[in-house]
Every structure is written in structure tokens, then in C-alpha cells.
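# Observations on the three-dimensional arrangement
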Amino acid sequence: MSGHSTYQPKTGFTRWLDTRLPILRLGHDSFIDYPTPRNLNYWYTFGAILSVMLVVQLISGIVLAMHYTPTATEAFASVEHIMRDVNYGWLIRYVHANGASMFFIAVYIHMLKSLYYGSYKAPREVLWILGCVIYLLMMATAFMGYVLPWGQMSFHGAVVITNLLGAFPIVGETITTMLWGGYAVDNPTLQRFFSLHYLFPFMIAGVVALHIWALHVTGQNNPTGVDPKSKADTLPFTPYATVKDGFGIALFMIMYAFFVFYLPNALGHADNYIPANPLVTPAHIVPEWYFLPFYAILRAVPDKLLGVIAMFASIGVLFVLPWLDRSKVRSMRYRPMAKLYFLVFVVVCVILGFCGAKLPDDQVIPGLQTISLGGSDLNSWVWLSRVATLYYFAYFVVILPVLGLIEKPLPVPDTIATPALSHPAAAPAEAVAAPEQKG
Amino acid sequence: MADTAADSATHTGGDPSRRDFIHIAAIAAAGGGALAALWPFVAQMNPSADTLALASVEFDLTKVEPGQQVTINWRGKPLFVRNRTPAEIDRAVKDDNAPLPDPQADAERHKPGKPQWLVLVGSCTHLGCVPTFGGGDYGGWFCPCHGSHYDTSGRIRKGPAPTNLVVPEYEFLSDTTVKIG
Amino acid sequence: MLRKLSLIAAALVLVAGGPALAAGGAKHPENISYSFDGPFGKFDQAQLQRGFKVYREVCAACHGINLLSFRNLGDRGGPFYDPHYPNANDNPYVKAIAAEYQIADIDSETGDAIQRPGTSADRFPSPFPNEAAARGANGGAMPPDLSVMAKARHGGPAYIASLLSGYVTPPAGLEVPPGQYYNPYMAGDVSSAWTGDHDHVPPGGFIAMPPQLAPGKVTFDDGTPSTIEQQAKDVSAFLMWAAEPKLEDRKQMGFAVMIYLILFTALLYWSYRRVWRGQSH
């Protein structure tokens, strides 16, 4: 949207500032007068929700860092000091810990929205890739953040994940040793994770700025996938999108507050309230819920290195998605076959999440006769993970490319504002959510 | 991309630029909520409960002989507890009406009926160095950093310090125990 | 139709995912209701006092609670809170309790290691000076610190109470290793020590702690009958308070915040409808 700016500075000061640093103009053009498609639904409020969550995490994190001690001997006790002695420390800690989960809930919905409406397609490929970069940075940040309380899960989760990187030939051991700062996860590891955990969110903020810039160059996608053609198709961002985003944010805050105040430890793991002990491994090491699908993919592959590669590839495949899905139609609203496969994809992601939380050799349906295949019972979580992982990759690498060639899409409306065609028969179902949470 | 210059004419329905009560209420509620949410982030910078727990210290006076001074750590700063001799007390009272940079009677600087007990924050009011007893021209404390002289009541007599040595809030829990802070 | 199918599929997955037994095949903790349960839960001060007595007289011999300070006992919501002493450091009960403990310190005049009576600012001292001493006195097992125990176990305080009151004679055919005790609520797997029918392995696991509670072992000053169940429930409530002293603050603030957010959301929705009135979506 590089159309001409409509900003008119009214006062002497704003005129003076405008000729030296047109920041108010930028704000006006980006968030006040910015033409927004009028048909955006509530799935589209998650971008604003994510921005709010980033600010919440940044502020709560910086404040926590005033009281946290990043050494192996003091970390656990310093977190308890925050919970007990620091004024409102308990609140800020729970805000930050649950905020991470909320951040991921929002990002998964945001990503699924983009998958469904084809927001990764031309000309928004760079926008999508920047989003994938943000997601990777979020995962790294969250992983390092979880290590900081130095509980049993913090410590042993760090052991597992850093050991994974040792699977890479030649460079693996060097990478692991440099990450550890020693021969095992210990104090040096914790200290550098703290430093990087403080750094990465600012990198995320920078990439978010690029992400919003890229968005504003191409303009927003919308549920029809059809570009705005005239002024009738859009509305100025303020007040229309502002107030809708505000409402979406408020609803999200209700869910967030419910977790913070009434279920503050529900999304965590009890074992993380046990101080880290390198000599005792918890019975059941599980990452935080938002990593469970990737954990399932990792364990689905029997080979250590291939498992690591599969795990990274499951995110890597997202980066090249714009070139895998060749369909000329953007929005799956008009792609009934793709819509079906997409729904299965969402269910598969949820299944992968469950698999990641279970012991691989436990039975899925208890009590059934064991049928062994490839060293494991067919009725086991590891086999379910394998099937689900197969679909996960097949969706991107096989299904979407093939559908792009053979699918017969529904007629796409000419414009956003054309009322008759912009709501096909499935319209009321737009409001009914398919299970959107990944994991 | 559509040009949206001067777009307001195409809006149908309610004119959003009219300041509806509901919008003012929503914005006001948002502002109020934001301020309320901000408060914990500001309050957390106040001293935490464990710091406050060490804010008071109880001290047993039986350990301090007349003419002796004990320095204890109170709130991270030195605290002088001095058992003054009658000579020191007299000297302090005699100078009550002398020209003092920070005029104060000796009686105001100790608890009634207990002139021998002087409790002072051992931090020079100039820039915070710790004065030593027995130096200086007035029989009291002397700060080596920039040459401030205090008398036997801890009042500034000569030198760059602007005010007398601070008498903290304290009370006698008994004749032999004092609680400071 | 599609959406219905996918919702059913999701529901099936959820059902399949639920575990039939608690982790490690242990018995599910008993259904114990506490005064602090629910969105308006509060600690029962009398219960906390009884629980503290159980901790002091039974548990503190082996288990430290060293993230807790004496002054916390006098904090709002705590066992000895007194509105006349908003600053818990001044609370006479707290000071008296603290003074009953000997705290390791250094003599400020000679530099010698000494033991001095505690003050309210001190932390609860550990019963052992270090881990090696703790293990030595307990057959190689380390009695864990109890400061956050109520949050460190699945099932929380109900699990702790069930465990403490749940010791039973091991069923015939269970070979209990020396130095261990059988408890059906303890996480673990006893199949390797079970010589009986492998389709009916007893639930639970082995714990290095012998049964500690006995009827009447702790006399409660308020006259409450001192059964094992009562002792277990009270000490688990005390441990929940020790793990989460700000629980009451949290729930009270939560109520205010939820009310505000619901009203604010309604206001915003109204505002949104007003702004968008007449606009087609």
C-alpha cells in the first residue's frame, strides 16, 4: 500500500516535526488511515493480539530480570523470592509464564488462519517467511526461558534438546559443547541462556517491524482472497479495525486472566517445582505443550539424526510453502478439497501434540492385543506419531502441490464488496471454529 | 491498491468521528485498566518483603560500656550506638546555643531521660563517608574525606557537611534493648 | 457436515488421550476438599496452625522448608497473622516461634561459628547442615525440602494427604526392598518386585519414608481429634500455604480483574457495533 499519504499536520509542532522525522505521518498512514479490507473476520485479530502479547512479555520479562539471579545455585530460590517477597512478584511471574503459552496459542491460530486463507501466496511470500522467522525466534526464546527457573524439567529439557544438536555429524559435538560452556548443562549454560533469552525478544520485535512493513506494502489479505479493487472494499484502519482488534484483544485477555489467576500452573509441569538435580532424571520428560507436536515428530523417526532433521524440516517446510502450493485461488473458502485436507491437517497437529505428551511405547487403546511392527506395537503412540508425521509432511509436499494442479475451485467473487458471492453456502460455519489450537 | 484519500464521504451509517459516549467510556475504561495494570510493575521496584524484614534491628545495649561506641550494619549503612560519658554530654549541652550550621539542641537528639545513649546513622551528610570518633576540633566525629567536624552530639560544626548526623527512628523496648527502624 | 466430523474426531482423540490410572500406575489421590479450593478459596487459619504443628513435631526432624521465613507465618493469610501486627516482623507469636530455633551464625566479635536464637527475618533452618549429612542420617535417601512440595507433585495437597495416610501392609507376594516402604499412592511401578499375578499388579510404588503419622501423635490445641486423616489433611493444607502464600491475594485479584475484563469487553463490543453500524462486512 504505497499510495500517497493523507496526513495533514495541524499544529506548528507537528508541521515542524513532520519535515524532520515524519514519524507521526508514518503512524497515521499505517494505523489510522490505512485502508483495511472490510470483510476481515475475527481470525484476523490475532495479529494485534500477538503484538500486545509481545509487549506484555517484554515488560514482564524485563521486570522479572530485576529480581532473578541467573546462577545454578540461586536461580530456583530467586524465582521463589519473586513469588513470595517481591511486591506483586507472584503476579508478574504468572503473567510471564502463562503469557508464553498465550503467545503460542495466538501464534498457532494466526498461522493456521494464514494457511487457510492463502496469506502466504504471492505477493506475500516475504511476509510469510518473516513470520516463520518470528516463529523460530519465539521457539528459541521460549525454550531458553523455560530453562531459567532451573527446575527438573528446565534442566533435563535443556539436556535433551542440547543433546539433539549433537546428532549432527562433524559439527554436532562442537555446537553442543559451545552451547553448554562445559561438559554438560550447568551454570555456564544457564547464564548464557539468560543473556540470549533477554536478547531474542528484541530481535523478535525487530522482525515484527519488518513483518508489519511487508504487510503494509502488499496490503492485508482477506477471507475471499480477492484483492481490494476500490474504496468500497476497504475501510480506514481507525476506528474500524482498531475497535474490532480491541474487542478481540479483550476477549483474549479474559482467557489469559483466567489462567493467570485461577489455573496458573495448569499449562506447566509439576516436576518443574523440584530443584534441578543432574543425577536424577524425571520419570517422564515433557517439553511445554507448544513444543509437543515437534517432540512427537522427533521421536517418530527411529534414527537420532534423522529424527532431528525431521523435526527441523517440519518447520523448514513452512518456509517454502509459497512455492509448494501453486493454486491460483488464495482462500480455501473456495477450495472445498483443500479445505477438507486442511481440517485433517489441524486434527493431525492436535494428534501430534497428544503423542508428544505420551510415552512412545504406551498403548493408544489400552488392553488390545499387541501387533508388533518395526520393533513397536502398532497400537502405540509412536506408530500414531509416525502416521501423523507422514500426513503432516504429505500435506505440504504432496497434497497442496497436487491440489494446486487438479482442484476445481468454487467461483471466486470479483470483489470483496460483492455481497452475493462473498458468502458461499458454508458462510455460517466461518464463525464455528474447527479445533484451531495446534498441540 | 485503492486510494483512500478523503474517504469519509463513502461511509454509510453512523459517523464514527462523532464522540459517542460509548467510545469515550471504552477508551476511558481502557486507560483506567492500563493504569491499574501498570501499577504492579511500578510497585515491584519498592523494597521486597525480605529487604523490609531487615529494616528493623534490635540491639542489646549491655555490650556498650560508657565512652564506647559500637557500629552495626543497619539497612546497608553503618549505625553508631554510643554510650556517652558525662563529660561528653556536658560538652554537647554547653554548645546548644553556639552558632551551629544546623541548629539543634542536644536534648532533641536523644530519648528523654537517656542522654548517654546516642544513636546516629554513621554516614556523613556531605557525601556519605563514615566519620571516625575522636578526631576533629569538637571532641566528636571527624570525616576524613572532606574534613567535616561533628561535636559530641553529632552536630555539624565545621566543614562542608550541611546537616547534623541523622538520628534514625528508634525506640527503647526496655532499658537495655533498643529497636532501630 | 465436515465441521461435525472433525469435531467428533477431535473429541475421540481427547477421550483416547485420557489416562486410566495416574502416572506410574499409582492410585489417584483421594478426593479431599480444602477451604482454599475454588475461585473464592481462603486458607483456614486454624487448619494452618494445626498443620504447622504437625510439620514442626513430625516432619521438621528430616525435612527442611528453607524458602520459608519465620515472618511468613505472620503474613496475611498465614497461620499466625494478627491484624494488630500488619508488619509480620513485629508479631509476638512469630518472634516467639523464631526464638525457639537456633540459627547458625558468626559471632560478630570473635568470628566463631555460633548458634543464636532466630529472629523473624531468618529462614527456617534445615535439620541437616548439608545433603551428605541428610543422606547419611536417612539411609542414603534425601528427604526433600517441603517449601514448594504441594506444587511439585501431581495432585498437590490431596496427593500429599493421601500419601501420608495411605500406607498399608504390602500385599503378600510383594517383595519390599530393604529401606523402602510400600505406598499405593506413590508414583512408581512395583511389577519387578511382584511375584503374584501380573495382570493384577498392586498400584503405587516404593518410598524411602516410613509411615510418620499415628493417631494422637500431635495434640491439637483447638481440641480437634488428632486422627491420621486429620493430621494428614492439616499438614497438607499447611504445605499448600507454604508453597503458595499468595493464593488468597491471587484469587481475590482474579475476581476483580475478571469483573473488570467482562465489563470492559462488553463496553468494547458495544463500541464496535456502534462504529460498524451500517457497514457491510
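Residues numbered from 1 in each chain as written. Chains lettered and ligands numbered in written order. Predicted model: local features only at pLDDT ≥ 70, side-chain atom pairs only at ≥ 80, totals over all residues. Heavy atoms only, no water.

### Notes on the overall build of chain C
Along its length, chain C carries seven helices and four strands. Ordered by position from N to C terminus, the α and β elements of chain C give α-α-α-β-β-α-α-β-β-α-α. A compact globule built from 281 residues should have a C-alpha radius of gyration of about 19 Å, whereas chain C, at 25 Å, is more than 25% larger. Taken over 281 residues, chain C has a buried fraction of 42%. Per element, the accessible surface of chain C, about 14200 Å² overall, is 60% carbon and sulfur. Across chain C, the 23 positively charged side chains and the 26 negatively charged ones have centroids separated by 15 Å. (Helix = DSSP H or I, 4+ residues; strand = E, 2+ residues; numbered from the N terminus. Rg over C-alpha atoms; globule rule 2.2 N^0.38 Å. Buried < 20%, exposed > 50% of the residue type's maximum accessible area, 1.4 Å probe, protein only. Areas by Shrake-Rupley, 256 points an atom, 1.4 Å probe, with all protein chains shown as cover. Lys, Arg positive; Asp, Glu negative; His and termini not counted. Charge placed at Lys NZ, Arg CZ, Asp CG, Glu CD.)

### Thoughts on the state of the cysteines
A full pass over the atoms with the stated rule returns one disulfide over all chains. In this model C129 of chain B forms its disulfide with C145 of chain B; the gap between the sulfur atoms is 2.1 Å. Between C129 of chain B and C145 of chain B, the S-S torsion sits near -95 degrees, and that sign places the bridge as left-handed. Remark: C145 of chain B occurs in the loop between β6 (139-143) and β7 (148-151) and C129 of chain B occurs in the loop between β4 (117-121) and β5 (132-133); sequence separation between them is 16 residues. Taking the relative accessible area as the measure of exposure, C129 of chain B reaches 22% and is therefore partly exposed. For C145 of chain B, a relative accessible area of 38% corresponds to the partly exposed category. As a non-bridged cysteine, C132 of chain A has C349 of chain A as the owner of its nearest cysteine sulfur, 14 Å distant. Judged by its relative accessible area of 2%, C132 of chain A is buried. Just so you know, C355 of chain A is unpaired, no disulfide at all, and the nearest cysteine sulfur is the one on C349 of chain A, 12 Å from it. (Disulfide = S-S within 2.5 Å.)

### A word on the sheet that holds strand β8 (residues 156-158) of chain B
Residue and element names in this part refer to chain B. The four strands are arranged β5-β6-β7-β8 in an open sheet whose pairing can be described as antiparallel. Each edge of the open sheet carries a strand with a single partner, namely β5 and β8. As paired elements, β6 and β7 share three bridges and run antiparallel to each other. Looking across to β7, one finds that G139 is bridged to D151. (Pairing = 2+ DSSP bridges.)

### Let's talk about the interface of chain A and chain C
Listed per partner, the contact involves 53 residues of chain A and 45 residues of chain C. Interface of chain A and chain C: buried area, both sides summed, is about 4400 Å²; carbon and sulfur atoms make up 69% of it. The largest contributions to the chain A side of the interface with chain C come from R84, F261 and Y262 of chain A, which together make up 17% of the buried area. Linking chain A to chain C there are one salt bridge. Notably, a salt bridge pairs R71 of chain C with D85 of chain A, separated by 3.0 Å at the nearest N-O pair. At the surface where chain A touches chain C, the tally comes to 13 residue pairs in polar contact (both at pLDDT 80 or more). Mapped onto the side of chain A that touches chain C, the elements with two or more residues apiece are α4 (75-84), α5 (89-117), α10 (237-262) and α14 (336-357) of chain A. When residues of the side of chain A that touches chain C are assigned to their parent elements, the largest contribution, 15 residues, is made by α10 of chain A. In terms of residue class, the side of chain A that touches chain C is built from 40 nonpolar, five polar and eight charged. (Contact = heavy atoms within 4.5 Å. Buried area = accessible area lost by both parts, 1.4 Å probe. Salt bridge = Lys/Arg side-chain N within 4 Å of Asp/Glu carboxyl O. Polar contact = N/O pair within 3.5 Å; in protein donor to acceptor, adjacent residues only side chain to side chain. Nonpolar A, V, L, I, M, F, W, Y, C, P; charged D, E, K, R; others polar.)

### Examining the pairing of β7 of chain B
Along a regular strand, successive side chains alternate from one face of the sheet to the other. Residues and elements named next belong to chain B. Because side chains alternate across β7, one face comprises the buried residues S148 and Y150, and the other comprises H149 and D151, equally buried. Where β6 folds back onto β7 in an antiparallel hairpin, the turn is made up of four residues, including G147, whose phi is positive at roughly 75 degrees. Pairing analysis gives two bridges linking β7 to β8, with the strands arranged antiparallel. Within β8, the residue paired with H149 across the bridge is K158.

### Some details on the pattern of salt bridges
Applying the stated criterion across every chain yields a total of 28 salt bridges over all chains. A salt bridge links D325 of chain A to R335 of chain A; the shortest N-O distance between them is 3.3 Å. In this pair, D325 of chain A is assigned in the loop between α13 (321-324) and α14 and R335 of chain A in the loop between α13 and α14, connecting sequence segments ten residues apart. Both residues of the pair, D325 of chain A and R335 of chain A, belong to the buried class. Two residues, E58 of chain B and K95 of chain C, come together in a salt bridge whose shortest N-O distance is 3.3 Å. You can see E58 of chain B sitting in strand β1 (residues 57-60) and its partner K95 of chain C sitting in helix α3 (residues 92-99), one on each of two chains.

### Quick look at the interface of chain B and chain A
Contacts between the two partners involve 19 residues from chain B and, on the opposite side, 26 residues from chain A. Both faces combined, the contact of chain B with chain A buries some 2000 Å², and carbon together with sulfur accounts for 66% of it. Summed over the shared surface of chain B and chain A, the result is zero salt bridges. On inspection of chain B and its partner chain A, the count reaches six residue pairs in polar contact (both at pLDDT 80 or more). Broken down by element, the residue count for the side of chain B that touches chain A peaks at four residues, all from helix α1 (residues 21-43) of chain B.

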